[in-house]
Amino acid sequence: MRYEEEYESALNDPQSYWAAQTNRIAWYKKPESILSKTDFGTFNWYADGELNSCYLALDRHVENGLAEQVALYYDSPVSNTKEAITYADLLERVKRFAGALKKQGVDKGDTVLIYMPMIPEAAVAMLACARLGAVHSVVFGGFAPHEMAIRIDDANPKIILTASCGIEFEKKIAYKPLVDQAISLANHKPQNTVVFQRSMLQADLNNSWDLDWQDFQENVEVAECVTVKGSDPLYILYTSGTTGQPKGIVRDNGGHAVALNYALNNVYGMRTGDVWWGASDIGWVVGHSFIVYGPLMGGCSAIFFEGKPIKTPDAGTFWRVIDEYSVNSMFCAPTAFRAIRKEDPNGSLARQYDLNSLKWVFVAGEKLDSSTYGWLVDLLKVPVLDHWWQTETGWPMTAPMMGWENPSKERIGSTNKPIPGYDIRVLDDEGVEVERGEAGNICVSLPMPPGVAWSIWNNNERYYSSYLESFPGFYHTGDGGYIDEDGYIYITGRTDDVINVSGHRLSTGEMEEILSTHSSVAECAVIGVPDELRGQVPLGLLVLKAGENISEDELVSQLVQMVREQVGAVACFKQAFVVQRLPKTRSGKVLRAVLRKIAASEAYTMPSTIDDPVILDEIQDVFSARAK
Ligand code: COA
Ligand code: AMP
């Protein structure tokens, strides 16, 4: 297949193009409606098709001769555990767990919250929900109870599934007390908490609603797949927006299944039986699409890794995994490779392993810097492929098509070309398309292809105002960038208050809301500043209330603790400076874009709307003094 022809054909006749792709999956009833419009200006793909995502990931393979193939290789250097779980084993576990959920009253359309570390039971939990047509919402383990409580109140889960602990390097993080605290903070009270007890740290099951994971599955009837519609929700995944209220991105069943099969084969170039590694966490979209659903639907053997790229036990752990399981391709955030490089700059650990199985490496989630790119290519001698997507899209928007005969070559700084179905345009703030090479807002012409989320849980208006309102006829990605003469896309960064810390998406607006509740803070701004390891980290700028005499050190340490307690350790909020005033427009908006430039020591042009230009000099002085 040739990229140019496929791209044109998806652009000119999306309905026929994506109708043909329905053959990729096994429907109970094939859709008659390929693309339909909803009342609030969005779209549905395959709305009347009937299917089950768990059937596609498991039962279908067992029926078709893959029963004894490994579905998941669980590799956990932090708990010294390895397990090869076949498709037949995984199906049995999922059937039983789904049966237990059903017995407990979980039905099609009910929501279930999953707060779990990277253990196979987490995948069992997700797939069991899918089997019943229940909607799961996975919350990343690095989020604090306050964040979980917000999600509990928005998603109203019937049941929470958790484990006694997660393991971060050597540290055991007790998850159950965090769940208990989240439930006590939330208004909605789930019916039960089901806890998987890990041997290294057992949880107290001291609430009347607590259940033990194993007991929960005693004497239950296994559950078969429930039929759902193409447009029925498979999961909700909360992601950071610009406020303290995260957005519950809703993924459908039909478009998602077609898109993941398409991406796995065509973008990532994986085939049935290949070994694939999505080195992320089920708490993020990568984990949903390319640790669990994508590789399993595609009949691959997927690595399910619990650990970090370094110190578990060393910076050779990724190379060891590639060698041990003969990984054919992997995906991870550039931060992971920066961390490995920092520990092992000469790559001597990599040379201890046989990495010949590896065909190429994909990276995404944050900017790939040219230095890390060069280091990795030299070390691995395989293509290192930057590509770009978001929680909302669920699968890549730009990437080389490694499953086809002429994948576009990498170009340093670019995340490659648009994938068929994504008509990407760069618009200025007035919505006019800019010339090639000129930077602006990266948008996608509507309709977008299957798999992209078309609603926010309980809040369709917010979907419209977040993504569709600013540029009518387009989806607004929130990223800035440009397209070069040859159609390659370059992502220069977010144009809103979202930052990416180690590839983890966080809201600076939310951190500002927390800082401003401190009694000494009159106003504040949080911006993302460049960081050698994590790509970006948050930095607070604080204006004190008149007459406050708290020391800066004391204030900052209290604020760091507040963000840690309310957002979670994952926010990595560790620094803040006191400033006299914040630069604003005449209408009172903080000039965050200029602050970001000052923090990154980049040149900036004085905004014409600035109220008092002197403030920028004051801020510049604060940064210069700190840099010394
Ligand atoms: N459960 C509980 N706590 C968690 C957690 C989880 N699942 N994930 C992270 N945390 C905590 C960490 O323990 C750490 O807490 P600390 O401040 O007490 O040390 C904090 O959140 C930050 O975690 P992390 O960003 O992972 O930093 P780290 O110092 O532990 O590790 C790297 C640094 C570079 C090794 C790590 O960030 C990494 O592997 N990055 C790869 C990025 C990635 O996979 N992104 C996924 C998106 S595609
Ligand atoms: P998330 O929703 O967590 O996947 O984060 C999506 C955001 O990460 C995007 O909007 C981008 O800002 C950023 N991002 C993802 N992939 C890349 C990439 N390859 N290069 C630069 N930024 C990226």
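Please refer to the structure higher up on the page.
Everything quoted here is computed from the prediction, not taken from an experiment.

Summing up its helical and strand segments, the protein chain has 17 helices and 30 strands in all. Rg of the C-alpha trace for the protein chain: 24 Å, near the compact-globule value of 25 Å for 628 residues, within the 12% margin. Taken over the C-alpha atoms alone, the protein chain extends approximately 70 × 60 × 55 Å along its principal axes. Across the 628 residues that make up the protein chain, the buried fraction comes to 61%. Surface exposure of the protein chain reaches about 23,700 Å², of which carbon and sulfur atoms provide 46%. Positive and negative side-chain charges of the protein chain, numbering 56 and 82 respectively, have mean locations separated by a distance of 1 Å.

This part takes up the packing of helix H8 (residues 254-267) against helix H9 (residues 285-297). Interaxial distance between H8 and H9 falls to 9 Å at its minimum, and their mutual angle equals 85°. With respect to each other, H8 and H9 are oriented roughly perpendicular. Within the contact between the two elements, H8 uses His-256, Ala-257, Leu-260, Asn-261, Ala-263 and Leu-264 and H9 uses Ser-289, Phe-290, Tyr-293, Gly-294, Pro-295 and Met-297. Considered class by class, the residues forming the contact of H8 with H9 number eight nonpolar, four polar and no charged.

Once that is clear, we can look at empty space enclosed by the protein. Unfilled space is identified by rolling a water-sized probe across the atoms. According to the stated counting rule, one finds two cavities of 30 Å³ or more in the structure shown. In this model, the largest cavity occupies a volume close to 110 Å³. Contributing to the lining of the largest cavity are 14 residues, with Leu-368, Asp-386, Arg-411, Ile-412 and Ser-414 lying nearest its centre. Secondary structure elements with two or more residues in the lining of the largest cavity: helix H12 (370-380) and strand S20 (384-386).

Taken together, 24 residues are adjacent to ligand 1, and Glu-168, Tyr-175, Lys-308, Arg-534 and Arg-564 come closest. A distance of 3.3 Å is found between a nitrogen atom of ligand 1 and a backbone nitrogen or oxygen belonging to Gly-141. A distance of 3.4 Å separates an oxygen atom of ligand 1 from a polar backbone atom of Val-570. Of the residues forming the shell around ligand 1, the biggest block, three residues, is contributed by helix H11 (residues 334-343). Of the residues in the shell around ligand 1, the class split is 12 nonpolar, seven polar and five charged.

As a further point, take the pattern of salt bridges. Applying the stated rule across the entire model yields 28 salt bridges. Ionic pairing is found between Lys-158 and Asp-110, a salt bridge with its closest N-O pair at 3.1 Å. With Lys-158 in the loop between helix H6 (145-155) and strand S8 (159-163) and Asp-110 in the loop between helix H4 (87-103) and strand S6 (111-115), the pair connects residues that are 48 residues apart, well separated along the chain. For Lys-158, a relative accessible area of 26% translates into the label partly exposed. Take Asp-110: its relative accessible area is 19%, and that puts it in the buried class. Arg-338 serves as the salt-bridge partner of Glu-366, at 2.9 Å between the closest nitrogen and oxygen. Of the two residues, Glu-366 is situated in the loop between strand S19 (360-363) and H12 and Arg-338 in helix H11; the sequence distance between them amounts to 28 residues. For the pair Glu-366 and Arg-338, one class covers both residues: buried.

Residue position: Cys-443 is located in strand S22 (residues 440-445). Dropping the residues within four chain positions of it, Cys-443 is found in contact with Asp-423, Ile-424, Arg-425, Leu-427, Phe-471, Phe-474, Tyr-475 and His-476.

Here is what the cut-offs are and how they apply
- Residues numbered from 1 in each chain as written.
- Chains lettered and ligands numbered in written order.
- Predicted model: local features only at pLDDT ≥ 70, side-chain atom pairs only at ≥ 80, totals over all residues.
- Heavy atoms only, no water.
- Helix = DSSP H or I, 4+ residues; strand = E, 2+ residues; numbered from the N terminus.
- Rg over C-alpha atoms; globule rule 2.2 N^0.38 Å.
- Buried < 20%, exposed > 50% of the residue type's maximum accessible area, 1.4 Å probe, protein only.
- Areas by Shrake-Rupley, 256 points an atom, 1.4 Å probe, with all protein chains shown as cover.
- Lys, Arg positive; Asp, Glu negative; His and termini not counted.
- Charge placed at Lys NZ, Arg CZ, Asp CG, Glu CD.
- Axes fitted to C-alpha atoms, helices over the stretch in contact; angles between N-to-C directions.
- Parallel < 35°, antiparallel > 145°, perpendicular 65-115°, else oblique.
- Contact = heavy atoms within 4.5 Å.
- Nonpolar A, V, L, I, M, F, W, Y, C, P; charged D, E, K, R; others polar.
- 1 Å grid on protein atoms, 1.4 Å probe; cavity = no way out; pocket = protein on both sides within 12 Å on 5 of 7 lines; lining within 4 Å.
- Points joined across faces, edges and corners; volume = space filled by probe spheres on them.
- Near = heavy atom within 4 Å.
- Polar contact = N/O pair within 3.5 Å; in protein donor to acceptor, adjacent residues only side chain to side chain.
- Salt bridge = Lys/Arg side-chain N within 4 Å of Asp/Glu carboxyl O.

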